[in-house]
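Below, each chain spelled out in residue letters.
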Amino acid sequence: MTFRLYDTQTREVRDFVPLEEGRAGVYVCGLTVQSEPHVGHIRSGVAFDVLRRWLTHRGLEVTFIRNVTDIDDKILAKAAEQGRPWYNLAYAMHRELDRAYAALNVAPPTYEPGATGHVPEMVELIERLVERGHAYAADDGSGDVYFDVRSWPSYGELTSQRIDDMEAAQDADPRGKRDPRDFALWKGRKDSEPESASWPSPWGRGRPGWHIECSAMAGKYLGTAFDIHGGGVDLRFPHHENEQAQSRAAGHAFASYWMHNAWITTAGEKMSKSLGNSLTVPAVLQRYRGVELRFYVVAAHYRSHVEFSFEALDEAAQGFRRIENFLDRAGATGDAPAELPEPFVAAMDDDLGTPAAVAVVYDAVREGNRLLASGEDAAALAGQVRAMLDVLGLDPADPAWPGSGSGDDARLTQAVDVLVGGLLEERTRARAEKDFAAADAIRDRLKDAGIEIEDTPTGPKWSIS
RNA sequence: GGUGGGUUGGCCGAGAGGCGAGGCAACGGACUGCAAAUCCGUGUACACGGGUUCAAAUCCCGUACCCACCUCCA
């Protein structure tokens, strides 16, 4: 069976056929680094990380490019508001984003290009569009350069819209545009903007428009034709439509497949509108581990809208602990890679069907627990479970998880182990003497401290509840 | 106005013509001194109204409600 994925443009699930056998080029629109990342922001990071892992698992050599937009109106506005240089804000938020990705075990891309580092490439592309008659410099002296939407007959093909049906932006002042739908490739510098936020160009100093960066950077790192382009649903229009139009107008074949992840909302609203900052990734990670948050995201299909709630996250965390528990009990410490169960492969091959894939994980866990309950060996199943989790980026033993390994955490665990161990010995003595009141008192005391006791055939075990 | 998506059991969340995905919670049983963990068992779910079909949550028509995008939101 082949890997099949849903292509936004054709609106159907299609076989994935790479342009070059054995290789896949993937470009994902990353974030504009203007504020702390919230839970919604990291969904595309996780979703496309799963895509990348799956393609890799299928034996493809994946070149994975995910950009960051490090210059735009909002960054300039926010930085001015906060009284700091725009590049300082962008850089600080970029580092926050890196931390969030790392906490969720999202592997770093092959390369993460930023817009400000690729101005010459963008200028080159714009010049080409002007030469070909698909772009023009505004004649109002602004220094702006626009893409000429009417010059490109297939404009609207990605989102199946016709130009005449589109509403012109209400807030867009027509400036030097020939058509209100024309979009900026290059924005002439305004006096209100810092000198440092402008670059030289044939049209005077200025900065790039939003869409052009992705066309230029995808071209540079993946070539004029590549396999998959991804991003959030909201980017379909205008961003991706414009990217495709300008790239193809420049003579590039561009992406073969378009993938778009759905939103995570709160209270039915997009998160950017939500009050407070309780849903930033760092805030959520104070209450849940990164694996748990990732599991919550992966357990839903990437094209399904998720209504975020702590109750649902709680459930997910609960379920994930059951999986970990099994791994623990089965002693799945080895890293001999196991074969993936066929239903798991089928689920993943079907447009990354992670919900069905997770169900297969649970099936294996239940079966494994059954074996353990009857005193049999479950190591083989545990190996399978770990192999499946690994593909989903959820293997608890993956050293890539922050905090794993021998840091302060490990030393703390050791210290607690010694202290709890003493109490457990006392409890075992009390139980042997049938002094259950004393035994339970110890258990209750530990529970109050957040430590759960579990009696197993090999003696009591403790864990953080 | 245009384009696309959604409405599934107490909750989360899959599926897309025919044997009840899976999880969380709940209840009963086994195990346990009691628990915990684990296993076994327990559920007349598919927004509404028509239609097609031997068979519809799934296809068709209509209705209601919700959501996203329509030129710098993941």
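Predicted, not measured: the structure shown is a model, and the values here were computed from it.

Novice: For the overall build of chain A, give the residues involved together with the corresponding values.
Specialist: When its secondary structure is counted, chain A shows 14 helices and 15 strands. Counting only C-alpha atoms and orienting by the principal axes, one finds that chain A spans roughly 95 × 55 × 35 Å. Sorting the 465 residues of chain A into buried and exposed places 49% on the buried side. Sequence-distant contacts in chain A: of pairs separated by 6 or more residues, those separated by 24 or more amount to 75%. Approximately 22,200 Å² of chain A is accessible, and the part contributed by carbon and sulfur atoms is 50%. Positive and negative side-chain charges in chain A, numbering 51 and 73 respectively, have mean positions lying 1 Å apart.

Novice: I'd like a rundown of helix α4 (residues 119–131), residues and numbers included.
Specialist: Structurally, the α-helix is built with 3.6 residues per turn, so residues lying three or four positions apart point the same way. Taking 1.5 Å of rise per residue, 13 residues should cover 18 Å, and α4 covers 18 Å from first to last C-alpha, within 8% of that figure. Listed as buried for α4 are Val119, Glu121, Met122, Val123, Leu125, Ile126 and Leu129. Next to the buried residues of α4 lie β5 (135–137), β6 (145–147), β7 (183–188), β8 (206–208), α5 (210–222) and α6 (236–249).

Novice: Can you tell me about helix α3 (residues 86–103), naming the residues and giving the values?
Specialist: Helix length check: α3, at 18 residues, gives a terminal C-alpha distance of 26 Å against a target of 26 Å (1.5 Å per residue), a fit within 8%. Buried residues of α3: Trp86, Leu89, Ala90, Ala92, Met93, His94, Glu96, Leu97, Ala100, Tyr101 and Ala103, and no others. Considering only its buried residues, α3 is in contact with α1 (42–57), β4 (61–66), α2 (73–82), α7 (281–284) and α8 (290–298). Backbone geometry just after α3 places Asn105 at a positive phi near 60°.

Novice: I'd like to hear about the domain arrangement of chain A, residue by residue, with values.
Specialist: Considered domain by domain, chain A is made up of domain 1 (4–266), domain 2 (287–391) and domain 3 (408–464). Placing the centre of domain 2 and that of domain 3 at their C-alpha centroids yields a distance of 28 Å.

Novice: Give a description of the pairing of strand β10 (residues 254–261) that names residues and reports values.
Specialist: Within β10, seven of the eight residues are buried, leaving the element largely enclosed by the surrounding structure. Handedness of the β-α-β unit built from strand β9 (residues 225–232), α6 and β10 comes out right-handed.

What counts and how
- Residues numbered from 1 in each chain as written.
- Chains lettered and ligands numbered in written order.
- Predicted model: local features only at pLDDT ≥ 70, side-chain atom pairs only at ≥ 80, totals over all residues.
- Heavy atoms only, no water.
- Helix = DSSP H or I, 4+ residues; strand = E, 2+ residues; numbered from the N terminus.
- Buried < 20%, exposed > 50% of the residue type's maximum accessible area, 1.4 Å probe, protein only.
- Contact = heavy atoms within 4.5 Å.
- Areas by Shrake-Rupley, 256 points an atom, 1.4 Å probe, with all protein chains shown as cover.
- Lys, Arg positive; Asp, Glu negative; His and termini not counted.
- Charge placed at Lys NZ, Arg CZ, Asp CG, Glu CD.
- Expected span 1.5 Å × (residues − 1).
- Domains from an automatic or database assignment.
- Right-handed = clockwise from strand over helix to strand, strands pointing away.

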